[in-house]
Amino acid sequence: MINKMAVTAMRLLLLGLCGILGVWATGSPEPVSTNDLDVANVAKFALNEIDQRTNSNYRSRVKQIVSAKRQLVNGFNWFITFDKEKTNCLITDDLKLLKNCIPNGPVARCDIKVYSTFHNEYTLNQYKCNSPGSLLGGITEEDIEDPLVKKAAEFATVQANNAVNSLFFHKLVTVKSVTKQVVAGLKYKIKFTIGETECRKNRNQLNHCPLTNNAGKVHAMDCEAVVIFKAWETPQYTMDKPVECKDVEGGIQLRKKRSLTVNMDQESKDEISHKILFKDFKARYNKVYKSSQEEADRYAIFRKNMETVRVLQATERGSGRYGATQFADLSEEEFRKNYLSPVWKKDDSLPRAKIPNAAPPPSFDWRKSGAVTEVKNQGSCGSCWAFSTTGNIEGQWFIKKKQLVSLSEQELVDCDKVDQGCGGGLPSNAYKEIIRLGGLEGESDYPYRGSNDKCTLDRSKIKVFINGSVSISKDETMMAAWLAQNGPISIGINAFAMQFYFGGISNPWKVFCNPAKLDHGVLIVGYGVKGTEPFWIVKNSWGPSWGEQGYYLVYRGDGACGLNTMCTSAVVN
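Residues numbered from 1 in each chain as written. Predicted model: local features only at pLDDT ≥ 70, side-chain atom pairs only at ≥ 80, totals over all residues. Heavy atoms only, no water.

## A look at the overall build of the protein
Step number 1: If you tally the helices and strands in the protein, you get 10 helices and 24 strands.
Step number 2: Here the protein holds 573 residues, and the buried ones make up 52% of them.
Step number 3: Within the protein, contacts between residues separated by at least 24 positions form 73% of all contacts whose residues are at least 6 apart in sequence.
Step number 4: Per element, the accessible surface of the protein, about 27400 Å² overall, is 53% carbon and sulfur. (Helix = DSSP H or I, 4+ residues; strand = E, 2+ residues; numbered from the N terminus. Buried < 20%, exposed > 50% of the residue type's maximum accessible area, 1.4 Å probe, protein only. Contact = heavy atoms within 4.5 Å. Areas by Shrake-Rupley, 256 points an atom, 1.4 Å probe, with all protein chains shown as cover.)

## Some points on the packing of aromatic side chains
Step number 1: All chains considered together, the criterion is met by 23 aromatic pairs.
Step number 2: Cluster of aromatic residues (ring-pair linked, three or more members): Phe327, Phe335, Tyr339, Tyr501, Trp542, Trp546 and Tyr552.
Step number 3: Positioned over the ring face of phenylalanine 76 is arginine 70, at 4.8 Å from the centre of the ring.
Step number 4: Lysine 401 extends its terminal NZ or CZ atom over the ring of tryptophan 397, reaching a point 5.4 Å from the ring centre. (Phe/Tyr/Trp six-rings, centres within 6.5 Å; stacked < 30°, edge-to-face > 60°. Lys NZ or Arg CZ within 6 Å of the ring centre and 35° of its normal.)

## Focus: the pairing of strand E3 (residues 75-90)
Residues in a regular strand point their side chains to alternate faces of the sheet.
Step number 1: Taken across its 16 residues, E3 has 15 buried, putting it largely inside the fold.
Step number 2: Where strand E2 (residues 58-73) and E3 come together, 13 bridges link them in antiparallel fashion. Considered in E3, the bridge of glutamine 64 is made with aspartate 83.
Step number 3: Here E2 folds back onto E3, and the loop between the two strands holds one residue. (Pairing = 2+ DSSP bridges.)

## A closer look at the side chain of asparagine 305
Step number 1: Locating asparagine 305 in the fold gives a position in helix H5 (residues 292-315).
Step number 2: Looking at asparagine 305, the relative accessible area reads 7%, which means it is buried.
Step number 3: Leave out the neighbours within four places in its chain, and asparagine 305 touches Phe327, Ala328, Asp329, Leu330, Gln499 and Phe500.

## Structural notes on the nonpolar core
Step number 1: In terms of nonpolar packing, the biggest core is built from 89 residues, with Tyr188, Ile190, Phe192, Ile489, Trp536 and Tyr552 touching the most fellow members.
Step number 2: Counting residues in each nonpolar core, the second largest holds 20 residues, with Ile65, Phe76, Trp78 and Tyr127 among its members. (Core = buried A, V, L, I, M, F, W, Y, C linked by side-chain atoms within 4.5 Å.)

## As for the environment of lysine 354
Step number 1: In this structure, lysine 354 sits in the loop between helix H6 (332-339) and strand E14 (364-365).
Step number 2: When the C-alpha positions of lysine 354 and serine 471 are compared, they lie 9.3 Å apart, and in sequence the two are 117 residues distant.

What follows is the structure, given as structure tokens:
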């Protein structure tokens, strides 16, 4: 058998020969044994990267390698398919201890592409993991230790106590099994056991009540419940149907203290993990709170938001990544009030745009042509509609007048009498108001302040004007054709998933971002395809530290989050 040192020597010899010839030998990917040590090392590297990129709280490990191929380039491209399983080890635990971790979750299949140099330096270029529950309507087995599952079981336990005819409180003893189905939210079917305690139901802090000890046994009931979880609603948990319980014949043995200690340790690990994430979040975004009470309140919101992140990531259909963005300590209500617009009302008053007959090119990006200004930051002001409008006009002016001018959003916030400034607005209204005002000043002459102020428009400093506005087709192929020929498109979108977006091609289910409820104005500047995923390139107005350097990559082709329902543009002759 050729040892690893010999293999390395052969690689270096090949590297030298290729260097002398001045070319790299490139061929088709060739099958490699799934037992190959290099394949195992590449898969382990990729899985660690995937855990980091998806902001997983727990480490995963390779359950089995299904297939592997290798392609010789200026190094190697590895194409590997493997099954991964989550463990009970925290992501903060030493990777060397992974062999001691216990499987603690469902299995998912991953396809990866990794580039390696001849010195075994790895880069993860592509990955796709089919998460359990990723198919709408599909029923999958769930990890009973998942925090969302635990909370669903605790909610079901409360409902069981309401249904059980007993003076004494019953507490959750164990969760036997859980299945999940993606419907209008997450539908959990839970089988669990509850045990009778020494506390009457009217006592406070019932979860701290001891189980009734009747000669070493506890009166218990096996229950089934169907719980619906909707991260975006209050309350988040509701029952799909009444809980059903039946007595366990003969009761159950009292659990040993050791088991309780293990559960408490797991809860402590979860708490520690969230506190580490919160500490990193504060450092990354320079978050400083006025008091310890405010910090405690923000931490509570942060923890709740991380549950939403977990749901978004678990059900993501594309390669989108979600996590603790700069908005992770804001409640949904605060985020909506400060950064979004009230739900847009449909406006059919604009004339229809003429769509080019030619098929659109496979990809297009107006940034490469110089038609897009830098990413701006609206701050805590619901003026997204103004940024969407000015971005469109900046592109139109550049294409028609060959000059890129950064335009004033503050002029629209202050001087537009139809829209509501920091309280929201519509691009279709703004176009008409810009015509009434005579045009827009430049950013440097009328700088952005992020608040509603008195209009100080100086018409002598107007830099651009428009001649009208049009509505663009909802058909995404037609949208691409229009964009490639005419410029960036102003759109509305449901921004629920955007609060936690880190990168990748976002493709959330419509249950998370209702396409009929648009609450954020942004700008499509281009489109493309990555692997098998077609996507739009969307310019946002939350600064370059958000998302993909200030941009949102979102799936193209199925009206993701309603992005195709209100597409407009100014007209510059």
